[in-house]
Amino acid sequence: MATTITRNASRLRNVYCRFNFHTLTQCRSTIPSLPVADTLQRRILPSVQSIFGFQSLLINRRLLLSTSSANTNVEPEKTEPKSSSSSDHEGGEKSGDSNQSKSEGGKSVRGGPVSWLSFVLLVITGVGIIWYYDKQKKQHIEEINNASQAVKQGPSVGKAAIGGPFNLINHDGKNVTDKDFVGNWTLVYFGFTHCPDICPDELQKLAAAVDKIKEKAGIEIVPVFISVDPERDTVEQVREYVKEFHPKLIGLTGKPDEIKNVARAYRVYYMKTAEEDSDYLVDHSIVMYLMSPKMEFVKFFGKNNDVDSLAEGITKEIKQYK
């Protein structure tokens, strides 16, 4: 009996070894799992039982149990990569969750690029800058106004070098000098009788301002017209010309050298334009000179003044002078 059992066990061992070697060569990259033991029980066990009997069944069960235990021991080696990968995946998910939680935490800590606090501080700073600039501007304007009001009228440091002695002929043919006008306020204008438009307009304005000053301020002004065209403006020509503007307008003319000297003294520019026979124009300064009773220069008035501004300006200068 023992010999039979030993023989049967040897045969079974050979069968098992062959089967095991065949299985390992086909599945060298993978390790068989527990379903292999079930397959052995279903297919091989009946044939072995039929040949060797009940004893061989017991031995086979023991071998199968040992194989199952061996398979169970080998199974963790296969599942370790899965567990490691799954653990890595779970770890990645956990790390991702942790990173996400950190990022969410960071967002809650950092906030947006411009927070409400920084916006409020920016608005307060801008308002402060505008307020400070406006305050400095108002202060600067007040300083200018105070400085202008603090200036007191007084004797001027220097006088303009305008005016001087002259010796000319009036529209009645009499020689007159600058001393003949001492004691009177005088308003002097330089022009020529052949002037087409500017001289007539300025002389009309001068005459109207003289009448207005006398009417409102009671101040007598002597209007004077000095010709810058002595070659054509004779005494007779000047007399007829001045009568057209004002009865008290005094017309003066003279020799070319005398006209040149008086024009230079009053800083008056004049020059003939292109001549065509005896018809030509004279380009000259368009200025009225207010002279004091001492025949000293007080102020000049340009073409931009109308009758009212001219009368008010002369009246103001005379009152300040007194």
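The rules we used
Residues numbered from 1 in each chain as written. Predicted model: local features only at pLDDT ≥ 70, side-chain atom pairs only at ≥ 80, totals over all residues. Heavy atoms only, no water. UniProt positions renumbered as here; feature names shortened; annotations may be inferred. Pairing = 2+ DSSP bridges. Helix = DSSP H or I, 4+ residues; strand = E, 2+ residues; numbered from the N terminus. Core = buried A, V, L, I, M, F, W, Y, C linked by side-chain atoms within 4.5 Å. Buried < 20%, exposed > 50% of the residue type's maximum accessible area, 1.4 Å probe, protein only. Contact = heavy atoms within 4.5 Å. Axes fitted to C-alpha atoms, helices over the stretch in contact; angles between N-to-C directions. Polar contact = N/O pair within 3.5 Å; in protein donor to acceptor, adjacent residues only side chain to side chain. Salt bridge = Lys/Arg side-chain N within 4 Å of Asp/Glu carboxyl O. Arc of directions from axis to C-beta.

- As recorded by an unreviewed UniProt entry, the protein carries the name Thioredoxin domain-containing protein and is attributed to Acer negundo.
- Quoted verbatim from the Sequence similarities (unreviewed entry) field of the UniProt record, the comment on the protein reads "Belongs to the SCO1/2 family."

Describing the pairing of strand S1 (residues 167-170)
So, point 1. Summarising the sheet, S1 and strand S2 (residues 175-177) pair through three bridges and their orientation is antiparallel. In the sheet register, Ile169 faces S2, and the bridge partner there is Asn175.
So, point 2. Hairpin connection, S1 to S2: the antiparallel pair is bridged by four residues, and Gly173 has positive phi, about 85°.

Re the nonpolar core
So, point 1. In this structure, Phe190, Ile221, Ile226, Tyr266, Tyr289 and Ile314 are the most contacted members of the largest nonpolar core, which totals 51 residues.
So, point 2. Every element with two or more residues in this core is listed here: strand S3 (185-191), helix H4 (198-217), strand S4 (221-227), helix H5 (235-242), helix H6 (256-265), strand S8 (288-291), strand S9 (297-301) and helix H7 (307-321).
So, point 3. No other element matches the six residues that H4 contributes to this core.
So, point 4. Residue contacts for Ile221: discarding those within four places in its chain leaves Trp185, Leu187, Val210, Ile213, Ile314 and Ile318.

Brief notes about unusual backbone geometry
So, point 1. Located in the positive-phi region is Arg267, a residue other than glycine, with phi close to 55°.
So, point 2. Turning to its location among the elements, Arg267 is positioned in the loop between H6 and strand S6 (270-272).
So, point 3. Of note in this structure, Met295 is not a glycine but carries a positive phi near 60°.
So, point 4. Its place among the elements puts Met295 in the loop between S8 and S9.

Focus on the side chain of His171
So, point 1. Along the polypeptide, His171 turns up in the loop between S1 and S2.
So, point 2. The exposure class of His171 is buried, given its relative accessible area of 14%.
So, point 3. Those residues within four positions of His171 in sequence are excluded, and the remaining contacts are Val235, Val238, Arg239, Val242, Leu249, Ile250 and Gly251.

Things to note about the sheet that holds S1
The pairing of strands in a sheet comes from backbone hydrogen bonds and takes either a parallel or an antiparallel form.
So, point 1. Reading across from one edge, S2-S1-S5-S4-S3-S8-S9 is the order of the seven strands in this open sheet, with mixed pairing throughout. Each end of this open sheet is capped by a strand with a single partner; those strands are S2 and S9. If you compare each strand with its neighbour and ignore which way they point, the axes differ by 35° on average.
So, point 2. In this fold H6 packs onto S1, S3, S4 and strand S5 (250-253), with an angle of close to 110° to the strand it touches most, S1.
So, point 3. Each of S3, S4, S8 and S9 is contacted by H7, which is oriented at about 165° to S9, the strand it contacts most.

Description of the UniProt feature "binding site: Cu cation" (unreviewed entry) in the protein
So, point 1. In the numbering used here, UniProt assigns the "binding site: Cu cation" (unreviewed entry) feature to Cys195, Cys199 and His284. These residues run over 90 residues, yet every pair of their C-alpha atoms falls within 10.3 Å of each other.
So, point 2. Here Cys199 shows up in helix H4.
So, point 3. By relative accessible area, Cys199 is classed as buried at 0%.
So, point 4. Residues within four places of Cys199 in sequence aside, it is in contact with Tyr189, Gly191, Phe192, Tyr241 and His284.
So, point 5. If you trace the backbone, His284 turns up in strand S7 (residues 282-284).
So, point 6. Apart from residues lying up to four places away in sequence, His284 is in contact with Tyr189, Phe190, Gly191, Phe192, Cys199, Val228, Tyr269 and Tyr270.
So, point 7. Of the polar contacts made by the side chain of His284, one reaches the backbone oxygen of Phe190; its length is 3.5 Å.

Notes on the environment of Tyr270
So, point 1. Within the secondary structure, Tyr270 is located in strand S6.
So, point 2. Sequence-wise, Tyr270 and Asp283 are 13 residues apart; in three dimensions their C-alpha atoms are separated by 5.3 Å.
So, point 3. Here Tyr270 is in contact with Val228, Pro256, Ile259, Lys260, Ala263, Val282, Asp283 and His284, once residues within four sequence places are set aside.

Observations concerning the pattern of salt bridges
So, point 1. According to the stated counting rule, one finds eight salt bridges in the structure shown.
So, point 2. Put simply, Asp134 and Lys138 hold a salt bridge, and the shortest N to O gap is 3.3 Å. Remark: Lys138 and Asp134 occur in helix H3 (residues 116-150); sequence separation between them is four residues, near one turn of the helix.
So, point 3. A salt bridge links Asp308 to Lys212; the shortest N-O distance between them is 2.0 Å. Of this pair, Asp308 sits in helix H7 while Lys212 sits in helix H4, and the two are 96 residues apart along the sequence.

Remarks on H6
So, point 1. Along H6, the residues classified as buried are Ile259, Val262, Ala263 and Ala265. Taken down its axis, H6 places every buried residue within 160° of arc, on the same side. Away from its buried face by more than 90 degrees, H6 exposes Asp257 and Arg264.
So, point 2. Buried residues in H6 make contact with S1, S3, S4, S5 and S6.

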